[in-house]
Amino acid sequence: MPTTTKTIFVTGGVASSLGKGIAAAGLGALLRARGLTVAMMKIDPYLNIDPGTMSPFQHGEVFVTVDGAETDLDLGHYERFTHEETTRTNNITTGQVYDSVIRKERRGDYLGATVQVIPHITDEIKSRIFKLARETKCDILIVEIGGTVGDIESQPFLEAIRQVPHDVGHENCLFLHLTLLPYLSAAGELKTKPTQHSVKALREIGIQPDGIICRTEIPMKEAERKKIALFCNTSQQAVFKSRNVDVIYEVPLMLHDQALDNWVVTKLGIITHDAKVDDWRALVDRIKSASEEVTIGVVGKYVDLQDSYKSIYEALAHGAAHHGVKLKITRVDSDGLGAGQELFDELDKVDAILIPGGFGARGIEGKVAAADYARRTGKPFFGICLGMQVALIAFARHVCGLEGANSTEFDEGTEYPIVGLMNSQKAVLDLGGTMRLGSYPCKLREGTKVRASYGKQEIRERHRHRYEVNNKYRAQMEEHGMRVAGVFDETDLVEIVELADHPWYVGCQFHPEFQSRPLKPHPLFRDFIGAAAKAARQVGAGSASSIEETVG
Ligand code: GLN
């Protein structure tokens, strides 16, 4: 561990879903705004090695890092708030920790010792925390412990972080505990008892939180703050509130207004300039003051769970903030609405259409129909990964005349496999092994719209998919107006396509949403929203003129 790195541990109490990841990331943003370098780690106490195999229904989005790790969606918050890239080192799970300890045991690394949770598992956890500090050489490392204090699963992690101050010095560590103050309407007050109990549970295992952040639905009063400080053994200045905000990018500002960042650096003995938060303020103002509405229809099957498309929704919001328009997202269920009129009626109401990534055949025909609808009607369209694949399937079927064209993922025996596995992949039986994951370069073709969007020829984008566009059909697609606008040179794979003759119709095999940042929107999302806003204005102007006509 570099002696210069200071570590902040963030634990959660009382309930899950308190927005611990966003609060931790918000603090990261503030410390960065003070000129410090910040790295963030998420500890997930589940036994899966990573969330790659988990259903987005249950777990939300899988966030992909540049080095191809499938990680928790909190890493997305970290990247968006700190504008720093993460890698596989930034996310650890119980599964990874046990996996590596058991491997070491089999190799004989423990020299005959009885291998136990303490010290072997806890040492492994600490070594991973120290490794991230070493590799990033950050001034501040923020470690978020998933789950809630009191869970059986998180015990070894809490024990490990309890030990860290003994290894690196108490003056180099800070413990922050995020809790909930429930509001009881009958009593008309916020209750502090669950927080007291949660802190008691932490203290039983030897952790005294330095600061407490209280999530509340109504404002916390001074009396409640005093009570928490007294019973949780902290100073009053160390009790902060986290109320619900309309825009998540307000979180750093909300924490800054309570001088959380100042308290943190003072506690850790770091001298910095004040946090420069003007850009965050300007961003939040732009988002809040926008009035011109732009509606994006997101056609997917996981639409029930908001978190499944987290990074996409955020990237759309970044684009909307850039243009100063108000983003409205309509979730269009590709499974329930079918592939006919009912679906088109829904799509009629939106200004632009986005089809995100996905796996499996369910809802596919609805997505193909939606992509085709966008092509026919001239509505701006953005297809991401699976979204691009269905756009090409639709184009092959309806423009190139290749009836029944499909991806072999959905129809193995299709006569026209527009999308399929490459021969080199077919040999590999292990499903996980054939996935293209992480960042790959792509060369953009001169004269294309996307080349103009990016403003450069060489780009790098993150991937997470198994199937690829079949080069056999490339020329035929091009002849009919579907331009291959960028390829991965090394294996000549199609990475991005666009319709020449359409206001904005783009499909990409990669996931640009992972690289969009609030203060630096991704060019494709920026320009997609730009096209959507233009479409919305035309519709507005169209209906206004028809009213005039009627009146006239
Ligand atoms: N299911 C498709 C594939 O594996 C698309 C994956 C995705 O959209 N992430 O290629």
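Now for a look at the structure at hand. Just so it is clear, the model here is predicted, and its values are computed rather than measured.

As for the state of the cysteines
This structure, assessed with the given rule, holds zero disulfides. Cys138 provides the cysteine sulfur closest to Cys173, a residue in no disulfide bond, and the two sulfurs are 12 Å apart. Considering cysteine sulfurs only, Cys214 is the nearest to Cys232, which forms no disulfide, with 7.9 Å between them. On the basis of relative accessibility, which here comes to 0%, the residue Cys232 falls in the buried class.

Topic: the packing of helix α7 (residues 193–204) against helix α8 (residues 222–232)
Running from N to C, α7 and α8 point in directions that differ by 25°, and their axes come no closer than 10 Å. Considering their axes alone, α7 and α8 lie roughly parallel with respect to each other. Between α7 and α8 the crossing geometry is right-handed. On α8, the residues that touch Thr195, Gln196, Val199 and Arg203 of α7 are Lys227, Ile228, Phe231 and Cys232. Classifying every residue of the contact of α7 with α8 gives four nonpolar, two polar and two charged.

Remarks on the packing of helix α13 (residues 341–348) against helix α14 (residues 364–377)
Relative to each other, α13 and α14 sit at 50°, their axes nearing to 10 Å. Classed by the angle they form, the pair α13 and α14 counts as oblique. With respect to the hand of their crossing, α13 and α14 are arranged in right-handed fashion. Two secondary-structure elements touch here, α13 through Leu343, Phe344, Leu347 and Asp348 and α14 through Gly366, Ala369, Ala370, Tyr373 and Arg376.

Describing helix α1 (residues 20–33)
One turn of an α-helix holds 3.6 residues; hence residues three or four places apart share an orientation. In this model α1 runs 20 Å from its N-terminal to its C-terminal C-alpha over 14 residues, within 8% of the 20 Å that 1.5 Å per residue would give. Phi turns positive one or two residues past the end of α1, at Gly35, with a value near 90°.

A closer look at the side chain of Thr179
Secondary-structure assignment places Thr179 in strand β7 (residues 173–180). Overall, Thr179 belongs to the buried group, its relative accessible area being 0%. Beyond its immediate sequence surroundings of up to four residues, Thr179 is in contact with Gly13, Val14, Leu18, Thr195, Ser198, Ile212, Ile213, Cys214 and Arg215.

Quick notes on the packing of aromatic side chains
Inspection of the entire model under this criterion finds 15 aromatic pairs. An angle of 90° between the planes, with centres 5.4 Å apart, marks the rings of Phe382 and Trp504 as edge-to-face. Taken together, the residues Phe382 in strand β15 (residues 381–384) and Trp504 in the loop between β22 (493–499) and β23 (505–508) connect sequence positions 122 residues apart. By the burial criterion, Phe382 is buried, and Trp504 matches it. Through a chain of ring-to-ring contacts, the aromatic side chains of Phe382, Trp504, Phe525 and Phe528 assemble into a single cluster. It is Arg376 that lies over the ring of Phe344; its NZ or CZ is 5.3 Å from the centre. Directly above the ring of Tyr440 sits Arg436, whose terminal nitrogen or CZ lies 4.8 Å from the centroid.

Basis of the calculations
- Residues numbered from 1 in each chain as written.
- Predicted model: local features only at pLDDT ≥ 70, side-chain atom pairs only at ≥ 80, totals over all residues.
- Heavy atoms only, no water.
- Disulfide = S-S within 2.5 Å.
- Buried < 20%, exposed > 50% of the residue type's maximum accessible area, 1.4 Å probe, protein only.
- Axes fitted to C-alpha atoms, helices over the stretch in contact; angles between N-to-C directions.
- Helix = DSSP H or I, 4+ residues; strand = E, 2+ residues; numbered from the N terminus.
- Parallel < 35°, antiparallel > 145°, perpendicular 65-115°, else oblique.
- Left-handed = near helix turned anticlockwise from the far one by under 90°.
- Contact = heavy atoms within 4.5 Å.
- Nonpolar A, V, L, I, M, F, W, Y, C, P; charged D, E, K, R; others polar.
- Expected span 1.5 Å × (residues − 1).
- Phe/Tyr/Trp six-rings, centres within 6.5 Å; stacked < 30°, edge-to-face > 60°.
- Lys NZ or Arg CZ within 6 Å of the ring centre and 35° of its normal.

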